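As a plain string of letters, each chain reads:
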Amino acid sequence: MEEKKECILVKELLPLYCEDAVSEESKQVVENHLENCSDCKEYHQELMTVKDDVEIQQEKLEESQTEHVAQVSKRLRKRKKISDLVSTFALVAVWLAFVICFQQCEVSGVSMQPTFQDGERLLMNRVVYRICDPKRGDVVSAHADDMTLLKRVVGVPGDTIDIRDNQVFINGEAVKIKGQEGEIVPGELTYPITLGKDEYFLMGANVAVSYDSRYLGVGTVNKEDIRTKYMCRFFSF
């Protein structure tokens, strides 16, 4: 009977014994009993087998979790690299688009006063006239008489231009040049003139001094010689 009670006690202690969670005195009692009791010894072996299986499963689970974390981390690093590359390419694309589509222009002289002042810096669109035609009122840069001129489009193809009595007439109607300042002189041309296909008549705002389409050196300007369109002031002080 005493032996059976001791088996019951030892079996209650064995789970703790397997985890090394008993006192030295209890440990000694369990070990002495296991030497003499085959039934408890077998139970102890079963518990140890279960413990080993649990530890193996835990190790596998930890390895699996570690591997999963590593894979997730690797995917995140890869995504970040791709994101960084996309961002870099996007910035480069925007920069290239800006360089291709726009240019900076500095106003030189007083021919566009009071609209623009000498030294002002303007942002010009260099591709818009590859898509559409210049319109009356556009401020453009054009190549004429071996110079680049900043002027306003006054006449477009098909328009009849006449300058007399200090006024500009377009198709018989008197018009005022936007920003016009000073007395309008006819220049060197014989009026009226009718603009042909792809011909444009350009004038500066400061009409009294502007060197523009009224003079033979410039004359009517062909569309292919109109390079850019004014967009906005750029770092203007």
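Just above sits the structure.
The rules behind each value
- Residues numbered from 1 in each chain as written.
- Predicted model: local features only at pLDDT ≥ 70, side-chain atom pairs only at ≥ 80, totals over all residues.
- Heavy atoms only, no water.
- Helix = DSSP H or I, 4+ residues; strand = E, 2+ residues; numbered from the N terminus.
- Rg over C-alpha atoms; globule rule 2.2 N^0.38 Å.
- Buried < 20%, exposed > 50% of the residue type's maximum accessible area, 1.4 Å probe, protein only.
- Contact = heavy atoms within 4.5 Å.
- Areas by Shrake-Rupley, 256 points an atom, 1.4 Å probe, with all protein chains shown as cover.
- Phe/Tyr/Trp six-rings, centres within 6.5 Å; stacked < 30°, edge-to-face > 60°.
- Lys NZ or Arg CZ within 6 Å of the ring centre and 35° of its normal.
- Core = buried A, V, L, I, M, F, W, Y, C linked by side-chain atoms within 4.5 Å.
- Pairing = 2+ DSSP bridges.
- Axes fitted to C-alpha atoms, helices over the stretch in contact; angles between N-to-C directions.
- Lys, Arg positive; Asp, Glu negative; His and termini not counted.
- Salt bridge = Lys/Arg side-chain N within 4 Å of Asp/Glu carboxyl O.
- Polar contact = N/O pair within 3.5 Å; in protein donor to acceptor, adjacent residues only side chain to side chain.

(A) Molecular detail of the overall build of the chain. In terms of regular secondary structure, the chain is built from four helices and 11 strands. Relative to the compact-globule value of 18 Å for 237 residues, the chain shows a C-alpha radius of gyration of 46 Å, a clear excess of over 25%. Projected onto its principal axes, the C-alpha coordinates of the chain cover approximately 140 × 35 × 30 Å. Out of the 237 residues belonging to the chain, those deemed buried represent 32%. Put simply, 61% of the contacts in the chain that link residues at least 6 apart link residues at least 24 apart. A total accessible area of about 15400 Å² is found for the chain, and carbon and sulfur atoms account for 53% of it.

(B) Looking closely at the packing of aromatic side chains. A complete count under the given rule lists three aromatic pairs for this structure. Here the aromatic rings of Phe98 and Phe102 are separated by 5.4 Å at their centres, their planes lie at 35°, and the arrangement is tilted. Accessibility expressed as a relative area gives 38% for Phe98, which makes it partly exposed. A cation over an aromatic ring shows up here: Arg164 above the ring of Phe169, its NZ or CZ 4.0 Å from the ring centre.

(C) Representation of the nonpolar core in the model. Ranked by internal contacts, the top residues of the largest apolar core, which has 14 residues, are Val154, Ile163, Val168, Phe201 and Met203. Elements with a contribution of two residues or more to this core: strand E5 (160–164), strand E6 (167–170) and strand E9 (199–203). Excluding its chain neighbours within four sequence positions, the residues that come into contact with Ile163 are Val168, Ile184, Val185, Pro186, Tyr191, Phe201, Met203 and Arg214. The next biggest cluster of nonpolar side chains, apart from the first, holds 13 residues, and it includes Val128, Leu149, Val156 and Ile226.

(D) Representation of the sheet that holds strand E7 (residues 173–175) within the structure. Spatially, four strands are ordered E7-E6-E5-E8 in an open sheet, and the strand pairing comes out antiparallel. Edge strands, defined here as strands with exactly one partner in the open sheet, are E7 and strand E8 (193–194). Pairing between E5 and E8: two bridges, direction antiparallel. Across the sheet, the residue bridging to Thr160 is Thr194, located in E8.

(E) Layout of the sheet that holds strand E10 (residues 221–222). With antiparallel pairing, the seven strands of this open sheet are ordered in space as E1-E2-E11-E3-E4-E9-E10. Looking along the sheet, the strands with just one partner apiece sit at the ends: strand E1 (102–106) and E10. Sitting on the sheet, helix H3 (residues 38–101) is in contact with E1 and strand E2 (121–125), with an inclination near 50° to E1.

(F) Region of interest: the side chain of Asp138. By the secondary structure assignment, Asp138 is in the loop between helix H4 (128–131) and strand E3 (139–144). In this structure Asp138 is buried but unpaired, with Lys229 as the nearest side chain of opposite charge at 4.0 Å. A polar side-chain atom of Asp138 sits 2.8 Å from a polar atom in the side chain of Tyr129. Residue contacts for Asp138: discarding those within four places in its chain leaves Tyr129, Lys151, Arg152, Val153 and Lys229.

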